[in-house]
Amino acid sequence: MRVIKWIFRAIAKTINFTRLLVLNLIFLGVIAVVVLSFNSEETINVPQGAALNLDLSGQIVEERRPADPFQEISNEVFGKDPNEFREIALSDVIHAIRFAQSDNRITALVLSLENLQGTGMNKLFEIGDALEKFKTSGKKIYAYGDFYSQSQYYLASYADNLMLNPQGAIALQGLGVYRLYFKSAIEKLDITPHVFKVGTYKSFVEPYTRDSMSALSKEANLHWLNQLWNAYVSQVAERRKVSHDAISPNIDSYLERLKAVQGDQAAYAKASGLVDELKSSQEARQFLMANVGENAAGSDYLQISLDSYLGAIPPLFNYQEQGQDKIAAIFASGQIMNGEQPVGVIGGDTLSHLLNEALMDSQVKAVVLRLDSPGGSAFASEQVRQQVLALKAANKPVVVSMSSTSASGGYWIASAANEIVASPVTLTGSIGIFGMFATVENALAKMGITNDGVGTHALSSVDITRPLPSYMKQIVQLSIENVYQQFINVVAQGRKMTPAQVDSLAQGRVWTGKDALEKGLVDHLGGFDVAMSRAANLAELDAFEVKVIRPELSVREQFMADLMAKSAQFAQQSLVSSPMLRQILNAVNEQAAPLANFNDPKGIYALCPACEQIKL
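Residues numbered from 1 in each chain as written. Predicted model: local features only at pLDDT ≥ 70, side-chain atom pairs only at ≥ 80, totals over all residues. Heavy atoms only, no water.

## As for the pattern of salt bridges
Taken as a whole and judged by the stated rule, the model has 20 salt bridges. Two residues, Asp 372 and Lys 123, come together in a salt bridge whose shortest N-O distance is 2.7 Å. Here Lys 123 lies in helix H4 (residues 121-135) and Asp 372 lies in strand S13 (residues 364-373), a separation of 249 residues in the sequence. As far as burial versus exposure is concerned, Asp 372 and Lys 123 are alike and both buried. When the shortest N-O distance is used, the salt bridge between Arg 257 and Asp 245 registers 1.9 Å. With Arg 257 in helix H10 (residues 251-260) and Asp 245 in helix H9 (residues 244-247), the pair connects residues that are twelve residues apart, well separated along the chain. (Salt bridge = Lys/Arg side-chain N within 4 Å of Asp/Glu carboxyl O. Helix = DSSP H or I, 4+ residues; strand = E, 2+ residues; numbered from the N terminus. Buried < 20%, exposed > 50% of the residue type's maximum accessible area, 1.4 Å probe, protein only.)

Set out below in C-alpha cells:
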C-alpha cells in the first residue's frame, strides 16, 4: 500500500511540476515577445486605399480593466474563448470610426462582428450613430457573417452590403427578463430568508421569497422591455427598408415563412430582406477584394485592423498638463461597493477620490461623469453623491452621462448632478431599497445542533444560527424605510421635486431614458458628446481640453497592462467539457454573483438586478 501511495504521490508531484513549468514558460515567452516588441518600436503605417476592419471581438465596455496576465494565460490553457474576456472601450470604437470618416487613406469600413458579445443597447446605438455619419463621407460599409446575434445584426444593418453565409442564420428572438427562483430550494435546505424592502417594484428579493415572478414585476418589466425592443425593431426596419413584421414577426408568421423555404434560415433571411446576399466566406473575401482592393500577397482584401488603426492615429483624449481650461471625464462602471475597488466595480472611496482630484485641479472647470451601474451599496452611493455636491459648491458643474444603466444607487449619485443626459434606451430609476440575510437555525436543528447562552443585551443574541427576533425585524425594517426616505429626499433635492412627486415615480420602478425625460428624472437625451457639450455650456467654456481622470495603476499593474497589450496567444487547445454544463453554471453564477458584492456597512442596498440582465 505504501508503494502504491508513493507512486500516486510521485505522479501528482510530477503533474503539478509540469503544470507550473508550462505556465512559467508561457509567461516567460510572453515577456520575451514584449521585450522584443519594445526594442523594435515601429511606426504603424495605414495602407493607402485600405478598409478599416472593425473587428469587435469581445465585450464593449466604458473603460477597460487592467490586464491580468495569469488569468489570461489560464483562460488560454483551459480553452476559454478569449473573445469572452477581451474588452474594447466604446470611446475607442467611436473614435476610430470618426477619424476614418475623413481619413483619405481609408476607403471603406468592414464590420467583423462574429465574436461580438452581447452588450447594452445604448452602446450599440452610439456606435450606430458613428457608422451613420461615416456613410455621409460616401465611403461604403460592408458586413459579412456566418451567424448574427441581435447585437451583431443591429450594427450589421448599417452596412451598404450585408452578406450572410448560405449555411448561416440571424437570431432575432426579442428581449426578456427571466430569472432563477430559489424559494422551494431554500425551504428544502431549511434556510430562513429575512427580506426587508421599500418599493412596490423592488424585485431583487423575489427569487428568495417566491417561485415565480410577481404580476407587478411582470407588468413593470414588460413596459420597458417593449420600449427597448420597439426601438430596436423600428431602427433596423428603417435601415433595411423592410416592415417591422420582417424583423419581429409573430410566431405563426415566422413558422409559415420558414416552411416556405423548407426551414432554410439563410434563405429566410434573404427572402425577408434581412440581408443583401448569401455568400460563403471565400466568396465574401473575393467580393471585398474586388470592391476594396487586394493586399500585397493577393490573398485578402487590403485592410488595417482596429487595434493597429488606433495605434496609428492621434489619441482621442490628448491634453497638456498646462494651458487650456479642461473638462474632466470620469468613467465609472459596475456595481457600487464600499471602499476601494478595481476598474469594473464602483468603489465609494475610489470614485470619491477621482471626483476630489477634479475638485482640486484648478484647470478643471467642469466634470462629465459617465455612469454605467445597476446600483449597489446605499452607503457608498451617498459617499459619492457628497463629492458631487462638493464640486457643485466649488462652481464646477457636473453632468452625468448615463450609459446602458444608471439605476438605483446609480441614480442616487446621478440625481445630484447639475444635469443628466441619458440615451433613450438607458435603464434608470429603480428608486427603492432592500436588505436581506438568512438564518440557518432549522438546518442546524436537523443535524442536532442548537445554540444557547446568555448576553448583556437583547441584541447580543442576534446570530445567523438563531431565529431572528421580532424586535430585530422591526429594527431592520425601520432602517430600510429611513434610507428609502433619504433616497426620496436626495432625488427631490437634486431634481427640484417634492418628495411626493418622487415617490410616485419611485417604488423601485425601472424607467427607460425616454420615459425618464418625460417624467423629469433626466434633462436631455443623447450620448457622451451631448453631455460634454452641456458641461461646456454650464461652465461657459468656448474652448477646452478633455482630461480623463482614472485610478492610478501600480507599477505592477502598469507593467502587466503593457505586457498583455503586446502579447500573443499561445495555447489554443480547448480543455473544457460540456458547453451545456458551462451554460447552466454561468446562469447560476450570474445571478449569484451580486451577492458576493454586498459589503454595505449597514447591509442596505439600492440595486436593479433586471437592468444588468438586459444585453442584446
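Having seen the model, we can carry on.
## Re the pairing of strand S4 (residues 106-112)
For S4, the tally of buried residues reaches five of seven residues, placing the bulk of the element in the interior. After leaving S4, the chain enters H4 and then returns to the sheet as strand S5 (residues 140-148), a path that is right-handed. (Right-handed = clockwise from strand over helix to strand, strands pointing away.)

## Quick notes on the environment of Phe 99
Structurally, Phe 99 can be placed in helix H3 (residues 90-102). Among residues more than four places away in sequence, those in contact with Phe 99 are Arg 105, Tyr 309, Ile 313 and Pro 314. (Contact = heavy atoms within 4.5 Å.)

## As for the environment of Leu 113
Relative to the assigned elements, Leu 113 resides in the loop between S4 and H4. Exposure remark for Leu 113: the relative accessible area of 1% places this residue in the buried category. In contact with Leu 113, other than residues within four places in its own chain, are Leu 56, Gln 152, Leu 155 and Ala 156.

## Focus on the sheet that holds S4
Pairing within the open sheet is parallel, and its six strands lie in the order S8-S6-S5-S4-S1-S9. Each edge of the sheet is formed by a strand with only one pairing partner; in this case those strands are strand S8 (277-278) and strand S9 (303-305). As judged from the six bridges shared by S5 and strand S6 (residues 161-170), these two strands associate in the parallel manner. Following the sheet pairing, Gly 145 is matched in S6 by Leu 164. Strand contacts of helix H12 (residues 281-292): strand S1 (50-55), S4, S5, S6 and S8, with the helix running at about 175° to S5, the strand carrying the most contacts. (Pairing = 2+ DSSP bridges. Axes fitted to C-alpha atoms, helices over the stretch in contact; angles between N-to-C directions.)

## Observations concerning the packing of aromatic side chains
In this structure the tally under the stated criterion is eleven aromatic pairs. Taken together, a centroid distance of 5.8 Å and an interplanar angle of 80° make the contact between Tyr 142 and Phe 287 edge-to-face. With Tyr 142 in strand S5 and Phe 287 in helix H12, this residue pair connects regions lying 145 residues apart in the sequence. When sorted by exposure, Tyr 142 lands in the same class as Phe 287, which is buried. Aromatic side chains Tyr 154 and Tyr 232 sit 5.6 Å apart centroid to centroid with 40° between the ring planes, which places their arrangement in the tilted category. Taken together, the residues span a long stretch of sequence, with Tyr 154 in helix H5 (residues 150-156) and Tyr 232 in helix H8 (residues 215-240) at a distance of 78 residues. Residue Tyr 154 is classed as buried on the basis of its relative accessible area of 0%. (Phe/Tyr/Trp six-rings, centres within 6.5 Å; stacked < 30°, edge-to-face > 60°.)

## Examining the side chain of Asn 161
When you line up the elements, Asn 161 lands in strand S6. Taking relative accessible area as the criterion, Asn 161 reaches 12% and is therefore assigned buried. Non-local contacts of Asn 161, meaning those with residues more than four positions away in its chain, are made with Ile 141, Tyr 142, Ala 143, Asp 276, Glu 277 and Phe 287.

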